[in-house]
Amino acid sequence: AQSVTQLGSHVSVSEGALVLLRCNYSSSVPPYLFWYVQYPNQGLQLLLKYTTGATLVKGINGFEAEFKKSETSFHLTKPSAHMSDAAEYFCAVSSRSNDYKLSFGAGTTVTVRA
Amino acid sequence: GAGVSQSPSNKVTEKGKDVELRCDPISGHTALYWYRQSLGQGLEFLIYFQGNSAPDKSGLPSDRFSAERTGGSVSTLTIQRTQQEDSAVYLCASSFGGRVDNEQFFGPGTRLTVL
């Protein structure tokens, strides 16, 4: 079974600074990888996903993530934080055999300082 | 178009009571999922529907939990004899098909509080 670990439950960044959220997975076979964002009192929204092909994936709102098999990682970055990026971010994985079933990390709450 | 809707948005109940949570998926989406988001357990998969059938119920925590889907659309998650540990936000999602290429769209959730 695969699992996912997000390092850091809270991240605080200054507006305009780099956002880096870390995600590592544990699986014998590289899974499918996702990043979701949850704004207060809203449902989760898909930011980006990696299934196959190019390992650098670009998503919405200027976010991108890179799949690194050697490091079993899928870290999320954004070059310049905006106040609207304040939210909770979840890394998720699904196996290639049961790809409908998402397993989520514990989440990272991002606050953006003016 | 309309997204996934869930009702009620908040539910407070007493221990031992039964509750029903409703999910209206996006029209045309054949796959439907229930997840639970709680402080202790994070976000957990509960059940997956393809049409009206549930090929994966592996995440349901106990036999007090059941779910059904009718007409390939609306789904109801029922919790019988609620316990305090059932307190959580219950999220529903739907997708066009049950494959990874089909994005899961999430509803806003139902916050359940068991007193």
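Residues numbered from 1 in each chain as written. Chains lettered and ligands numbered in written order. Predicted model: local features only at pLDDT ≥ 70, side-chain atom pairs only at ≥ 80, totals over all residues. Heavy atoms only, no water.

Student: Quick question: what am I supposed to make of the overall build of chain B here?
Tutor: Helix and strand counts for chain B come out as zero helices and 11 strands. Helices and strands in chain B line up, N terminus first, as β-β-β-β-β-β-β-β-β-β-β. By the compact-globule yardstick of 13 Å for 115 residues, chain B fits well, its C-alpha radius of gyration being 13 Å. Within chain B, the proportion of its 115 residues that are buried is 48%. (Helix = DSSP H or I, 4+ residues; strand = E, 2+ residues; numbered from the N terminus. Rg over C-alpha atoms; globule rule 2.2 N^0.38 Å. Buried < 20%, exposed > 50% of the residue type's maximum accessible area, 1.4 Å probe, protein only.)

Student: How should I be thinking about empty space enclosed by the protein in this particular structure?
Tutor: Rolled over the atoms, a probe sized like a water molecule indicates the empty space that remains. Under the counting rule described, the total for this entry stands at one cavity of 30 Å³ or more. Its volume calculated, the largest cavity comes out at about 60 Å³. Along its surface, the largest cavity is lined by A:F34, A:Y36, A:L46, A:D99, A:Y100, A:L102, B:Y33, B:R99, B:V100, B:N102, B:E103 and B:Q104. Split into classes, the residues belonging to the lining of the largest cavity amount to seven nonpolar, two polar and three charged. (1 Å grid on protein atoms, 1.4 Å probe; cavity = no way out; pocket = protein on both sides within 12 Å on 5 of 7 lines; lining within 4 Å. Points joined across faces, edges and corners; volume = space filled by probe spheres on them. Nonpolar A, V, L, I, M, F, W, Y, C, P; charged D, E, K, R; others polar.)

Student: Help me out: how do you make sense of the nonpolar core in this one?
Tutor: Note on soluble globular proteins: their nonpolar side chains tend to be buried together. Ranked by internal contacts, the top residues of the largest apolar core, which has 27 residues, are A:L21, A:W35, A:L47, A:L48, A:F74, A:L76 and A:Y89. Counting residues per element, the ones that place at least two in this core are strand 2 (10-14), strand 3 (19-26), strand 4 (32-38), strand 5 (44-50), strand 7 (64-68), strand 8 (73-78), strand 9 (87-94) and strand 11 (108-113) of chain A. If sequence neighbours within four positions are ignored, A:F74 has contacts with A:C23, A:L33, A:F34, A:W35, A:L48, A:K49, A:Y50, A:A65, A:E66 and A:F67. Formed by 21 residues, the second largest nonpolar core is a distinct cluster that contains A:Y36, A:L46, B:L43 and B:F106. (Core = buried A, V, L, I, M, F, W, Y, C linked by side-chain atoms within 4.5 Å. Contact = heavy atoms within 4.5 Å.)

Student: Help me out: how do you make sense of the sheet that holds strand 1 (residues 3-7) of chain A in this one?
Tutor: In a beta sheet, neighbouring strands pair by backbone hydrogen bonds and run either parallel or antiparallel. Residue and element names in this part refer to chain A. Strand order across the open sheet formed by five strands is 1-3-8-7-6, with antiparallel pairing between neighbours. In this open sheet, the two edge strands, each paired with only one partner strand, are strand 1 and strand 6 (56-58). Each neighbouring strand pair of the sheet contributes to a mean axis angle of 20°, computed without reference to strand direction. Bridge count for strand 6 against strand 7 is three bridges, and the pairing is antiparallel. Directly across from L56, in strand 7, lies its bridge partner E66. (Pairing = 2+ DSSP bridges. Axes fitted to C-alpha atoms, helices over the stretch in contact; angles between N-to-C directions.)

Nothing here speaks to function; it is all geometry.
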